Amino acid sequence: MTRGSTLFEKVWNAHVVKRFDGDRDLIFVDRHILQETTCAPAFAGLERAGRPVAHPELTLATQDHIVSTEPDRTEASNPEGLELMRLMRANAQAHGIRHYGIEDTRQGIVHVIGPELGAALPGTVLACGDSHTSTVGGLGALGIGVGTSEVEHVLATQTLLLQRPKTMRIRFEGGKAPGVSAKDLILAAIGRFGIAAGRSHAIEYAGPAIRALGIEERLTVCNMSIELGARLGLIAPDDTTLAYLAGRPFAPSGADWELAAAEWRALASAADAVFERDLAIDCAPIAPQVTWGTTQEDVIGVDQRIPDPATLADPERRRRSAAALRYMGLAPGDAIEGLRVDVVFVGSCTNGRLSDLEAAAAIARGRKVKADVRAVVVPGSASVKRAAEAKGLDRVFREAGFEWRSPGCSMCVSINQDVVPPGARCLATTNRNFEGRQGPGSRTHLASPAMAAAAAVNGAIVDVRKLAS
Amino acid sequence: MRAPLARVTGVAAPLPLTNVNTDAIIPSVYLRSESSDLARGLFARWRFDETGAERPEFVLNRPPFRRAAILLAGENFGCGSSREAAVWALQRFGIKCVVAPSFADIFYENAFRNGMLAAIADQAELAALIAAVEAAPEDAQVDIDLEKGLIVRGNALRMGFSVPAFRREALMRGDDEIASTLRHAKDIAAHAAADRARRGWLYRAIAPEGKSE
Ligand code: SF4
């Protein structure tokens, strides 16, 4: 008897142009989004070889990584980034590619604008020269993060030559406790399974706790597939997905909507589908999570203490853990709650959407950021910024003492001017806590938007559930 | 076409750390411009202190490893972002091959696309090679033969490594992957046409004359 297919297999197989030995498939790419820091050499390569862009009409470009986030910015507000911004703009124009620069109402972080424009759709393959392209898996799209050579490959051929990943499922059982967010669920899973658990796999997130999430929360979960070591992560589309997509600029409409919706409803994994790895995590006991070290698996509940490297059996893990504590300026056995913070950053493709800002604003409302804390809110896109302002969230943040800035990657990657100073401790809603990620010597703790806002008004890491009640 | 790679002979530098991420390999400050000095940026935070002076204890600052052509690394090398500059920085420094027990997915792909060998070795055998090189740095010369799939140091140490056959052949021929794919342009066009017939809505939704433009 043949087994039914998984969601991943259905999407992947529909895009196979040709199979090659070594388990490689040539995959057709439905949508391609460019960002300014990884595409210039790709266009240069095309030019050298005299190759055209195969499908400019299926391609979008947006400025996000290196742009200034000053309130009244221009491209020149970050002089260091001008070269890359202008190169993408010129290349997009030369090849007839839509370009959403900082002056455009649709500009924003690639992984934020893909879903909100409806450029990412269930059952489609979307490529982008950025690892967190897996984000769009929250809509049931296959988001493939690629390097610059592959950006050139997609531009030239509208395909990718990829090793077929193995299938994996993580079921989130039970329901999440009040005050616990999607970010906490995925951080807890990374802590449980490790940062290499998903290597060479495409992960499907399933189970009642996932079904209960809104689309923006599902995007947060799929965003951090990379932090589980996977290149791909996705969630089956359902009524929530369809409701989110209806009326989006690049979503189908009218009779086309009916055709598309029928297809999307058939994408879910068959009940008897088999996954090469099948994991589960119980959500009920998960508390708000905070990372203490320099990889994302170094994570604990806010009510826990920092683990002692001496208790680890493996010498390499012991060494790594001790080095992480040294870098972070922490001691084994310290409580993570009560740790003073210098900077708080709310934003990024993990947590820069409207619901994230609402969660942070709910805590900030009527409170004040502690003196000596720099608290920064950067909306994930121009559209998120407008929506937040329409709801008065910018006022809530400003009155509480947060900076309200313009959309981009900002302090997540620190390749513009938004940098955490050396030695400073930052609670960030981003996805990477590597040494130096937010600037040389910066110390990053990853957590949810509500936890970030709570730390800002408390001056130290605190269990948000104590403030929310 | 890129230069074919069949053999790497040179100094092998030990960096037996687990989960070396792409932010460590090339910090983001080096991604701000097309003309950044990526060779200098390689492992910059580990190689240089805040004043820009070399940290003498870091392996690539010590002779003979300053002219390493091979990096002997730990598990999950290259995890983190998709930045291809991680591979470029290694190459600009002079590294032609990284040997590790395992690699992160995107780094692995990026390496081969740039003509760099990412060789997967048995953990115990690699540990022995690293120990040997650390014990006698003056004898850090290692020879890697792609055709035979062998890593050899002096007369005493021989070990295998794994690399998928198609990747090995592409490296040895110096294949340009785009040119190879474009040889299948007819298949791609046929797939696109069939898909357009089957899922017309997908193409109408983003057509330039579509509703949102
Ligand atoms: S917000 Fe951070 S993780 Fe997301 S795309 Fe930008 S730099 Fe990458």
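The rules behind these values
Residues numbered from 1 in each chain as written. Chains lettered and ligands numbered in written order. Predicted model: local features only at pLDDT ≥ 70, side-chain atom pairs only at ≥ 80, totals over all residues. Heavy atoms only, no water. Contact = heavy atoms within 4.5 Å. Buried area = accessible area lost by both parts, 1.4 Å probe. Salt bridge = Lys/Arg side-chain N within 4 Å of Asp/Glu carboxyl O. Polar contact = N/O pair within 3.5 Å; in protein donor to acceptor, adjacent residues only side chain to side chain. Helix = DSSP H or I, 4+ residues; strand = E, 2+ residues; numbered from the N terminus. pLDDT = per-residue confidence, 0-100. Phe/Tyr/Trp six-rings, centres within 6.5 Å; stacked < 30°, edge-to-face > 60°. Buried < 20%, exposed > 50% of the residue type's maximum accessible area, 1.4 Å probe, protein only. Near = heavy atom within 4 Å. Nonpolar A, V, L, I, M, F, W, Y, C, P; charged D, E, K, R; others polar. Domains from an automatic or database assignment. 1 Å grid on protein atoms, 1.4 Å probe; cavity = no way out; pocket = protein on both sides within 12 Å on 5 of 7 lines; lining within 4 Å. Points joined across faces, edges and corners; volume = space filled by probe spheres on them.

### Brief notes about the interface of chain A and chain B
Now for step 1: In this assembly, 79 residues from chain A lie in contact with 58 residues from chain B.
Now for step 2: Interface area for chain A against chain B, summed over the two sides, is near 5,700 Å², with a carbon-plus-sulfur share of 54%.
Now for step 3: It is A:Arg51, A:Arg199 and A:Phe434 that lose the most area in chain A upon contact with chain B, and together they represent 9% of the buried surface on that side.
Now for step 4: Remark: the boundary between chain A and chain B carries nine salt bridges.
Now for step 5: Of the charged contacts, one joins B:Asp187 and A:Lys18 as a salt bridge, the two residues approaching to 3.7 Å between their closest N and O atoms.
Now for step 6: Inspection of the region where chain A meets chain B yields 24 residue pairs in polar contact (both at pLDDT 80 or more).
Now for step 7: Ranked by residues supplied to the side of chain A that touches chain B, first place goes to helix α5 (residues 148–157) of chain A with seven residues.

### Looking at the confidence of the model for chain B
Now for step 1: Averaged over all residues, the pLDDT of chain B equals 93, while 97% of them reach at least 70.
Now for step 2: We note a pTM of 0.94 for the whole complex and an ipTM of 0.92 for its interfaces.

### So, the packing of aromatic side chains
The geometry of an aromatic ring pair is captured by the separation of the ring centres together with the interplanar angle, meaning the angle of the planes.
Now for step 1: The tally for this structure, following the rule as stated, stands at 14 aromatic pairs over all chains.
Now for step 2: Consider the rings of A:Trp257 and A:Trp264, whose centres lie 5.4 Å apart with planes at 90°: the pair is edge-to-face. Of the two residues, A:Trp257 and A:Trp264, both sit in the buried class.
Now for step 3: Where A:Trp264 meets B:Trp201, the ring centres are 5.7 Å apart and the plane angle is 85°; that geometry is what we call edge-to-face. Pair noted here: A:Trp264 is in helix α10 (residues 255–265) and B:Trp201 is in helix α10 (residues 200–204), and the two residues belong to different chains.

### A word on the site of the ligand
Residues and elements named next belong to chain A.
Now for step 1: Every residue close to the ligand is listed here: His65, Ile109, His111, Asp130, His132, Ser348, Cys349, Cys409, Cys412, Val413, Asn431 and Arg437.
Now for step 2: Partitioning the shell around the ligand into residue classes produces five nonpolar, five polar and two charged.
Now for step 3: In this structure, the shell around the ligand is formed jointly by two domains, domain 1 (7–163) and domain 3 (291–468), each of which donates at least three residues.

### Some words on the environment of A:Val341
All names here are of chain A.
Now for step 1: Among the structural elements, Val341 can be located in the loop between α11 (315–328) and β15 (343–346).
Now for step 2: A C-alpha to C-alpha distance of 46 Å links Val341 and Gly96, two positions 245 residues apart in sequence.
Now for step 3: Other than its neighbours up to four places away in sequence, Val341 contacts Val373, Arg425, Leu427, Ala455, Gly459, Ala460 and Ile461.

### Things to note about unusual backbone geometry
Now for step 1: In this structure, B:Pro64 follows B:Pro63 across a cis peptide bond, with omega equal to -5°.
Now for step 2: Of note in this structure, A:Ser414 is not a glycine but carries a positive phi near 55°.
Now for step 3: Position of A:Ser414 relative to the elements: it lies in the loop between β17 (403–404) and β18 (425–428).
Now for step 4: On the accessibility criterion, A:Ser414 (3% relative accessible area) is buried.

### Thoughts on the environment of A:Phe20
Now for step 1: Structurally, the position occupied by A:Phe20 is in strand β1 (residues 16–20).
Now for step 2: Using a relative accessible area of 24% as the deciding quantity, one classes A:Phe20 as partly exposed.
Now for step 3: Along the chain, A:Phe20 and A:Leu162 lie 142 residues apart, while their C-alpha atoms are 9.6 Å from each other.
Now for step 4: Ignoring anything within four residues of it in the chain, the contact list for A:Phe20 reads A:Asp25, A:Leu26, A:Leu161 and B:His184.

### Points about the side chain of A:Asn431
All names here are of chain A.
Now for step 1: Residue position: Asn431 is located in the loop between β18 and β19 (443–446).
Now for step 2: For Asn431, a relative accessible area of 1% gives the class buried.
Now for step 3: At a separation of 3.4 Å, a polar atom in the side chain of Asn431 contacts the side chain of Asn223.
Now for step 4: A polar contact of 3.0 Å, which involves the side chain of Asn431, links it to the side chain of Thr350.
Now for step 5: Those residues in contact with Asn431 that lie beyond four places of it in its chain are His132, Asn223, Met224, Glu227, Gln296, Cys349, Thr350, Cys412, Arg437 and Leu446.

### Remarks on empty space enclosed by the protein
Here the idea is plain: a probe the size of a water molecule rolls over the atoms and shows the empty space left.
Now for step 1: On inspection of all chains with the given rule, the structure shows two cavities of 30 Å³ or more.
Now for step 2: One number sums up the size of the largest cavity: a volume of about 210 Å³.
Now for step 3: Residue lining of the largest cavity: 19 residues in total, with A:Ile226, A:Gly229, B:Cys79, B:Gly80 and B:Ala104 positioned closest to the centre.
Now for step 4: Viewed by domain, the lining of the largest cavity spans two of them, domain 2 (167–238 + 266–282) and domain 3 (291–468) of chain A, each represented by three or more residues.
Now for step 5: One number sums up the size of the second largest cavity: a volume of about 40 Å³.
Now for step 6: A:Arg24, A:Leu161, A:Leu162, A:Gln163, B:Glu109, B:Arg113, B:Arg167 and B:Glu177 together form the lining of the second largest cavity.
Now for step 7: Every element with two or more residues in the lining of the second largest cavity is listed here: β8 (159–163) of chain A together with α5 (105–113) of chain B.
Now for step 8: For the lining of the second largest cavity, the element with the most residues is β8(A), which contributes three residues.
Now for step 9: Here the residues of the lining of the second largest cavity are counted per class, giving two nonpolar, one polar and five charged.

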